[in-house]
Amino acid sequence: MAAAREEDPSVRPLPWPEELRGRVVVVKFGGNAMVDPELQLTFAQDVVELWHAGLRPVVVHGGGPQISAMLERLGLETRFEAGLRVTTPETMDVVRMVLTGRVQRELVGHINAHGPFAVGLTGEDAHTMTAVRRPARVDGETVDIGLVGDVVDVNPAMVRALLEQDHIPVVSPVARGADGQVYNVNADLAAAALAVALDAERLVMLTDVEGLYADWPRSTEVIGRLTARALDGLLPGLASGMLPKMEGCLRAVRGGVRKAHVLDGRVPHAVLRSVLAGTSPGTTVVPDAVTRS
Ligand SMILES: Nc1ncnc2c1ncn2[C@@H]1O[C@H](COP(=O)(O)OP(=O)(O)O)[C@@H](O)[C@H]1O
Ligand SMILES: CC(=O)N[C@@H](CCC(=O)OP(=O)(O)O)C(=O)O
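Residues numbered from 1 in each chain as written. Chains lettered and ligands numbered in written order. Predicted model: local features only at pLDDT ≥ 70, side-chain atom pairs only at ≥ 80, totals over all residues.

(A) How the structure looks around the sheet that holds strand β15 (residues 259-264). Spatial ordering of the open sheet is given by β5-β10-β2-β1-β13-β15-β16-β14, a layout of 8 strands whose pairing is mixed. Each end of this open sheet is capped by a strand with a single partner; those strands are β5 (118-122) and β14 (225-227). For this sheet, the mean inter-axis angle between neighbouring strands, taken without regard to orientation, is 20°. Strand direction decides the pairing type here: strand β1 (residues 24-29) and strand β13 (residues 202-207), joined by 5 bridges, are parallel. In the strand pairing of β13, valine 27 is matched with valine 204. Against the sheet, helix α2 (residues 37-52) engages β1, β2 (56-61) and β10 (168-172), with an angle of about 150° to β2. (Pairing = 2+ DSSP bridges. Helix = DSSP H or I, 4+ residues; strand = E, 2+ residues; numbered from the N terminus. Axes fitted to C-alpha atoms, helices over the stretch in contact; angles between N-to-C directions. Contact = placed C-beta atoms within 7 Å.)

(B) The UniProt feature "site: Transition state stabilizer" (unreviewed entry) in the protein, seen in detail. Mapped onto the present numbering, the UniProt feature "site: Transition state stabilizer" (unreviewed entry) falls at Lys28 and Lys245. For the residues just named, distributed over 218 residues, the greatest C-alpha separation is only 10.0 Å, placing them together at one site. When the 31 C-beta atoms within 10 Å are taken as the criterion, lysine 28 is described as buried. Filtering out sequence-adjacent residues up to four positions away, lysine 28 remains in contact with Val60, Gly62, Ala187, Asp188, Ala191, Val204, Met205 and Leu206. Residue lysine 245 is classed as buried on the basis of its C-beta count, with 28 C-beta atoms lying within 10 Å. (UniProt positions renumbered as here; feature names shortened; annotations may be inferred. Buried ≥ 20, exposed ≤ 12 C-beta atoms within 10 Å, placed from the backbone.)

(C) Looking closely at the packing of helix α3 (residues 64-73) against helix α4 (residues 89-112). At a minimum axis distance of 9 Å, the contact between α3 and α4 shows a crossing angle of 125°. Looking at the two axes, α3 sits oblique to α4. The two elements α3 and α4 meet at a crossing, and its hand is right-handed. Along the contact surface, α3 presents Gln66, Ile67, Met70 and Leu71, while α4 presents Thr91, Val94, Val95, Val98, Arg102 and Val103. When its residues are assigned to classes, the contact of α3 with α4 shows 7 nonpolar, 2 polar and 1 charged. (Parallel < 35°, antiparallel > 145°, perpendicular 65-115°, else oblique. Left-handed = near helix turned anticlockwise from the far one by under 90°. Nonpolar A, V, L, I, M, F, W, Y, C, P; charged D, E, K, R; others polar.)

(D) Focus on the nonpolar core. Ranked by internal contacts, the top residues of the largest apolar core, which has 80 residues, are Val26, Leu194, Ala195 and Leu203. Of the residues forming this core, the biggest block, 10 residues, is contributed by helix α6 (residues 187-197). Excluding residues within four positions of it along the chain, leucine 203 makes contact with Val26, Ala191, Ala192, Ala195, Cys249, Ala252, Val257 and Ala260. (Core = buried A, V, L, I, M, F, W, Y, C linked by C-beta atoms within 7 Å.)

(E) The arrangement of the site of ligand 2 in detail. Taken together, 16 residues form the shell around ligand 2, and within it Gly31, Gly62, Gly64, Arg85 and Ala187 come nearest. Secondary structure elements with two or more residues in the shell around ligand 2: α3 and β4 (84-85). A per-class count over the shell around ligand 2 returns 6 nonpolar, 9 polar and 1 charged. (Near = placed C-beta within 6 Å.)

(F) Just the UniProt feature "domain: Aspartate/glutamate/uridylate kinase" (unreviewed entry) in the protein, in detail. With numbering aligned to this structure, UniProt lists the feature "domain: Aspartate/glutamate/uridylate kinase" (unreviewed entry) at residues 24-264. End C-alpha to end C-alpha, residues 24-264 measures 21 Å, and it is 37% helix and 27% strand.

(G) Structural detail: the site of ligand 1. For ligand 1, the set of nearby residues contains 19 residues, the closest of which are Gly30, Thr207, Trp216, Gly241 and Met242. The residue makeup of the shell around ligand 1, split by class, is 8 nonpolar, 8 polar and 3 charged.

(H) How the structure looks around the environment of aspartate 93. Take aspartate 93: it is sitting in helix α4. Residue aspartate 93 is classed as partly exposed on the basis of its C-beta count, with 14 C-beta atoms lying within 10 Å. Residues aspartate 93 and valine 182, 89 residues apart in the sequence, show an inter-C-alpha distance of 9.5 Å.

(I) Main features of the confidence of the model for the protein. Confidence along the protein averages 91 in pLDDT terms, with 92% of residues attaining 70 or more. Taken as a whole, residues 1-13 scores under 50 in pLDDT and shows 12 contacts with residues more than four places along the chain or in a different chain. (pLDDT = per-residue confidence, 0-100.)

(J) Seen up close, the pairing of strand β16 (residues 283-286). The alternating pattern of β16 places Thr283 and Val285 and Thr284 and Val286 on opposite faces, both of which are buried. As defined by bridge partners, β14 adjoins β16 across 3 bridges and the pair is classed as parallel. Within the sheet, the bridge partner assigned to leucine 226 lies in β16 and is valine 285. The pairing of β15 with β16 spans 3 bridges and is antiparallel. Across the sheet, residue valine 262 finds its bridge partner in β16, namely threonine 283.

(K) Spotlight on the packing of α6 against helix α8 (residues 242-254). Running from N to C, α6 and α8 point in directions that differ by 10°, and their axes come no closer than 8 Å. Compared by their axis directions, α6 and α8 come out roughly parallel. Where α6 abuts α8, its residues Asp188, Leu189, Ala191, Ala192, Ala195 and Val196 lie against Pro244, Lys245, Glu247, Gly248, Arg251 and Ala252. Split by residue class, the contact of α6 with α8 holds 7 nonpolar, 1 polar and 4 charged.

(L) Highlighting the sheet that holds strand β6 (residues 129-133). In space, the 4 strands of this open sheet follow the order β9-β6-β11-β12, with mixed pairing throughout. Here the strands that pair on one side only, and so sit at the sheet edges, are β9 (149-154) and β12 (182-184). Neighbouring strand axes in the sheet, compared pairwise and without regard to direction, differ in orientation by 50° on average. In this sheet, β9 lies alongside β6 in antiparallel orientation, the contact comprising 5 bridges. When the bridges of β9 are listed, valine 132 appears paired with aspartate 150. Against the sheet, α6 engages β6 and β9, with an angle of about 10° to β9.

Okay, structure coming up:
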């Protein structure tokens, strides 16, 4: 891949934090942040720039709005419980088709406009992620939401092999169960599980808000930094898409990831700015023992 390093004229020397060299950074690109085609291009550019700087980026993508749009076109109803899509077998077909057939292909294409970097896979490939069916908890009740899975095991061998070969893995959040069933996994939780298994330095989640709002929807005051313990206390009060996102951040830092960031993906180059600056806009979740960085 040395040729690819030289090939890309957009690369310029940046004052990268030396301690991040060779480290894995898992970047979750949310479906809401990717609705703007321009942002998809700058996102791809950022990921390639991280690679050029010597980091090992792994992309996990979402695609919730894109799945909903396709379900609507097909005249199929969709609804969410606790931020998770109720997934019938018919819905599952559409989820798999949109995520791996469209969203992943688009991202791989944008990244590969810069060189032969990206390789797309799903959690199903080489048993990268194994899921079990998970119900949702709604108002203290357990609710069946169909073919929704939670990741219970990650085999990072294939992703590591791709990283070793200087590739950028682009992972769709679909996973196989030990029962042979294919499950729809929330992309935030898939990204968190992969970040833990890869012993990632950071998990960066790009979404369509500035971060975790303290009192949403009444106020849009962003919580800048919080410990895992503080987040644990907040989780029961969170709703919709922010619930799996913050649950993912919590699992990541509890699983050994140094920091988890929730960033506004509508801001161009949000990933680069965050990694470069060291301190990040948006919300940063740190392990309990860490009070400053
Ligand atoms: N406390 C909160 N702070 C910020 N956003 C919140 C909060 N609670 C719920 N949300 C909603 O969560 C959404 C982000 O989650 P989601 O729609 O799943 O995005 P993504 O596609 O990036 O995963 C926001 O657009 C907002 O509507
Ligand atoms: C179980 C579940 O809800 N799966 C998600 C998978 C995609 C996703 O998570 O996309 P975002 O990151 O854009 O929200 C869904 O069907 O929408």
